[in-house]
Amino acid sequence: MRVLSLSVFLIVAAVTILAQSTFAAPQNEDDELFFVLETCRHGSRAPVKFAYKNPFGSHWPYGGAKLTPEGMRQHYKLGRKLRQRYIIDRPFLSPKFNYTEVHARSTQSERTILSAQAQLAGLFPYGPSFDEDKPDDIAPQFSDNSVDDLPIHFNAIPIYSTTKRNDGLLRPANYCKKFLHLDEQCLRGPRVQAYFDAKVTPYLPKISAFSGIKIDDLNLKNVPFIFDQLRCEIFEGHKIPEQVNESMMRVAADLLHLQLFSNPGCNPEAVKLGCSELFRDLAEKLEDSMTGESDLKFVLYSAHDVTVANFMNGLHVEVNTTIPYASNLIFELWKSSTTGEFYVKTLFNDTELDAAECGTVNCPVNKFIDFLINNSYEDIDDRCGKNFSIDRLSDSLFDMF
């Protein structure tokens, strides 16, 4: 029994991006930033399902699927990084939280809500009573029920959410039965099954040895949950079975990547169903920002790796990695200082993307919005089929993300 080497830790976690990389610059330093939308994955969590019994015992005091202290730290650090970009380096957002500028929404999940809270604490670390001219002020005594009575570092920021059944924006698998049906077919479809047979099967004897599950009973329904538990344990520094090695975890990462980005090569309809509400929402917010209909400057959507993957699948973008904890996909709306034209910059973990078949990382906004509209459904409720009846697959892989 041992802890995997640093190289595998980076393969399965890949979180050094938060500390090492810097944001891309606009086309011209004099360009004006108008609007930012960030969709992110929650931070490090406990396994959703304890698929095997770790001989070293359980080290998840908060229970399955819960955000860990390290997950909170990840998002706090991300928030500090965003503060550097959008407040300190470029005075885009107000130094303190402003209701009219910022909107935060999360899926109905503790790990995403807590991730959003941690990130916003990093983005806006000072409460309304903090005096920038006197940063060493201590919290005043409670006296007249004014805002000045709040501790200087206390900041209450609203985070909106809705039930899973109604969250077509961030959890379409829970909202859209047809999408769930098509996506689960792809998650365990021929392409994924072929990879499992060719690459995962050779490791089944080792997996059986430490999990106690018979080889004949190991399949695409349970092995991904075993791999997920291993990834969580490795990331948090827990000891793992000696049968687990670097090559096995590379295969596990490749399997997860294949499943996250399986829809484009499996079912184009699933791609559109998964990103339609996200696309329509982003298009509307970009237009409202350009026309001055909205004062919003920054929107945070705290969600899951499948949410980010849905966005990227729809944008016809694929990265050669999984989507690590605390990953984010950012859309920035800029106005050129030379032409007066608007353009959109798309970044995944700070890396500029040529998204929406634009041919450039600085995509003209009209071309970008046209792509969003043309690659999404307007009649999403009808398309999802409220009367579309299926028997959901047991141990759904969506429960893992």
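Overview of the structure. The structure displayed is predicted, hence computed values, not measured ones.

Section: the state of the cysteines
Scanning the model with the defined rule gives three disulfides in all. One disulfide in the model links Cys176 with Cys384; its S-S distance is 2.2 Å. Residues Cys176 and Cys384 are joined through a disulfide that is left-handed, its torsion about the S-S bond being -110°. Highlighted residues: Cys176 in the loop between helix H5 (172-175) and helix H6 (177-187) and Cys384 in helix H15 (residues 380-384), separated in sequence by 208 residues. Considered together, Cys176 and Cys384 belong to a single accessibility category, that of buried residues. In this model Cys358 forms its disulfide with Cys363; the gap between the sulfur atoms is 2.0 Å. Because the sign of the S-S torsion sets the handedness, a value of about 90° for the bond joining Cys358 and Cys363 places this disulfide among the right-handed ones. Each member of the pair, Cys358 together with Cys363, is buried.

A word on the pairing of strand E4 (residues 328-335)
For E4, the tally of buried residues reaches seven of eight residues, placing the bulk of the element in the interior. Where strand E1 (residues 32-41) meets E4, eight bridges bridge the pair, whose relative direction is antiparallel. In the sheet register, Thr39 faces E4, and the bridge partner there is Leu329. Relative to strand E5 (residues 342-348), E4 runs antiparallel, the two being bridged by seven bridges. When the bridges of E5 are listed, Leu333 appears paired with Val344. Linking E4 back to E5 in an antiparallel pair, the connection comprises six residues, with Gly340 at a positive phi of about 80°.

Side note on the packing of aromatic side chains
Scanning the model with the defined rule gives eleven aromatic pairs in all. Their ring planes at 55° and their centres at 6.2 Å tell us that Tyr86 and Phe298 sit as a pair that is tilted. On the criterion of sequence distance, the pair formed by Tyr86 in helix H3 (residues 69-88) and Phe298 in strand E3 (residues 298-303) is long-range, its members being 212 residues apart. We classify Phe298 as buried; its relative accessible area is 0%. Aromatic side chains Phe311 and Phe331 sit 4.9 Å apart centroid to centroid with 50° between the ring planes, which places their arrangement in the tilted category. Note that Phe311 is positioned in helix H13 (residues 305-314) and Phe331 in strand E4, a separation of 20 residues in sequence. Phe311 gets classed as buried once you look at its relative accessible area, which sits at 1%. Using a relative accessible area of 1% as the deciding quantity, one classes Phe331 as buried.

Quick notes on the packing of helix H12 (residues 268-291) against H13
Running from N to C, H12 and H13 cross one another at 90°; their axes reach a closest spacing of 8 Å. Compared by their axis directions, H12 and H13 come out roughly perpendicular. Across the interface between the two elements, Val271, Gly274, Cys275, Leu278, Phe279 and Leu282 of H12 pack against Thr307, Asn310, Phe311, Asn313 and Gly314 of H13. Among the residues forming the contact of H12 with H13, the class breakdown is six nonpolar, five polar and no charged.

Examining the packing of helix H7 (residues 190-200) against helix H10 (residues 246-260)
Axis separation between H7 and H10 bottoms out at 10 Å; the angle between their running directions is 175°. Viewed along their axes, H7 and H10 adopt a mutual orientation that is roughly antiparallel. Where H7 abuts H10, its residues Arg191, Val192, Tyr195, Lys199 and Val200 lie against Val251, Asp254, Leu255, Leu258 and Gln259. Taken together, the residues of the contact of H7 with H10 sort by class into six nonpolar, one polar and three charged.

Criteria and thresholds
Residues numbered from 1 in each chain as written. Predicted model: local features only at pLDDT ≥ 70, side-chain atom pairs only at ≥ 80, totals over all residues. Heavy atoms only, no water. Disulfide = S-S within 2.5 Å. Helix = DSSP H or I, 4+ residues; strand = E, 2+ residues; numbered from the N terminus. Buried < 20%, exposed > 50% of the residue type's maximum accessible area, 1.4 Å probe, protein only. Pairing = 2+ DSSP bridges. Phe/Tyr/Trp six-rings, centres within 6.5 Å; stacked < 30°, edge-to-face > 60°. Axes fitted to C-alpha atoms, helices over the stretch in contact; angles between N-to-C directions. Parallel < 35°, antiparallel > 145°, perpendicular 65-115°, else oblique. Contact = heavy atoms within 4.5 Å. Nonpolar A, V, L, I, M, F, W, Y, C, P; charged D, E, K, R; others polar.

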